[in-house]
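Notes for the structure review
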Amino acid sequence: MKQRVTTAVIALIIFIPVIVYGGWLIDIAGIVLGLIAVNEVLMMKKLLLVSPEAIIADIGVFSLIAPLSWFGWLPPQIDRVFVFFLCVLALLIRTVVSRNRFSFDDAGAVTLAMLYIGFGFYYFIAARGVGLSMLLYILFVIWSTDSGAYMIGKRFGKNKLAPHISPNKTWEGSIGGTVVATIIGSVFLIFYPTQYNFILMVLLTLIFSITGQFGDLVESALKRYFSVKDSGNILPGHGGIFDRFDSMLLVLPIIHLFGLI
């Protein structure tokens, strides 16, 4: 527990100035976090981080997260999406060159990881571009969902939510976490309203909280598939970057879908 608290304090000391300052600093942070996360997936798949497929994955994730202005030097027919597509083609060619040691299934898994992580951290940066209050709202909803689900589940949890994926999660904790997040999110919205009316935002907060829990379960399913406890160990006591941002990676695109970022 001491190690977990120490890591959390150090991470917040670094993280808070980054999100407050925004600008180029949040761009760099999003790219670095995305690169670490996709490499954690590669490690779970037992792919070498210095292999051609790892380098391709890094380029692909970078192309999805980096600001559009960073691609201004490319010819007009090559945009960030086409750079990503070239990375997918390179992975397919890699299956041939490696004589299927790097298989089509591997290429599909790496492509999916690039998309999921790349778009997730792209919208992380986009949320800060809307404003500090928007990013804080998202963080508070996700963090309060996790904390509420843990505390209420530990005290009242009896009915398993997804025993084959995440045995410790319960329906009581899940519902409790969403209630806590909706309350905290609603209080935040009183002081920092969005373009939507308050009642609609309360309903959306409910949806975002539930979506965040699905993001957590998606990563739990992935770890269960690869038989690992954590996605990495870069954050002692907390696991990897993918572990810490699993909920956010699914919530952020949904928030974009509703026009908030």
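I will try to describe carefully the structure that is included in this document.

What counts and what doesn't
- Residues numbered from 1 in each chain as written.
- Predicted model: local features only at pLDDT ≥ 70, side-chain atom pairs only at ≥ 80, totals over all residues.
- Heavy atoms only, no water.
- Axes fitted to C-alpha atoms, helices over the stretch in contact; angles between N-to-C directions.
- Helix = DSSP H or I, 4+ residues; strand = E, 2+ residues; numbered from the N terminus.
- Parallel < 35°, antiparallel > 145°, perpendicular 65-115°, else oblique.
- Left-handed = near helix turned anticlockwise from the far one by under 90°.
- Contact = heavy atoms within 4.5 Å.
- Nonpolar A, V, L, I, M, F, W, Y, C, P; charged D, E, K, R; others polar.
- Salt bridge = Lys/Arg side-chain N within 4 Å of Asp/Glu carboxyl O.
- Buried < 20%, exposed > 50% of the residue type's maximum accessible area, 1.4 Å probe, protein only.
- Core = buried A, V, L, I, M, F, W, Y, C linked by side-chain atoms within 4.5 Å.

The packing of two helices is summarised by the inter-axis angle and the distance between the axes. Following both chains from N to C, one finds helix H8 (residues 198-226) and helix H9 (residues 241-257) inclined at 135 degrees, their axes separated by 8 Å at the closest point. As summarised for this structure, H8 and H9 are arranged oblique, according to the angle between their axes. Handedness of the H8/H9 crossing: right-handed. Where H8 abuts H9, its residues Phe 208, Thr 211, Gly 212, Phe 214, Gly 215, Asp 216, Glu 219, Leu 222 and Lys 223 lie against Phe 242, Asp 243, Asp 246, Ser 247, Leu 250, Val 251, Ile 254 and Ile 255. Residues that form the contact of H8 with H9 fall into these classes: eight nonpolar, four polar and five charged.

On to the pattern of salt bridges, then. The final tally for this structure, using the stated rule, is six salt bridges. One salt bridge connects Asp 106 with Lys 45, and the closest N-O pair in it is separated by 3.0 Å. With Asp 106 in helix H5 (residues 104-130) and Lys 45 in the loop between helix H2 (23-44) and helix H3 (52-65), this residue pair connects regions lying 61 residues apart in the sequence. Of the two residues, Asp 106 and Lys 45, neither departs from the other in class, the shared state being buried. The closest approach of N and O atoms between Asp 230 and Lys 229, which form a salt bridge, is 3.7 Å. In this structure Lys 229 comes out as exposed when scored by relative accessible area, which is 69%. Each of Glu 219, Lys 223 and Asp 243 takes part in one network of salt bridges that share partners.

With that settled, consider the nonpolar core. One finds Met 114, Phe 121, Phe 124 and Tyr 137 to be the most contacted residues of the largest nonpolar core, which totals 63 residues. Examining the composition of this core, we find that ten residues originate from one element, H5, more than from any other. When sequence neighbours within four positions are dropped, the list of residues in contact with Phe 121 reads Gly 30, Leu 33, Gly 34, Ala 37, Ile 65, Ile 241, Phe 245 and Leu 249.

In short, geometric facts, not functional conclusions.
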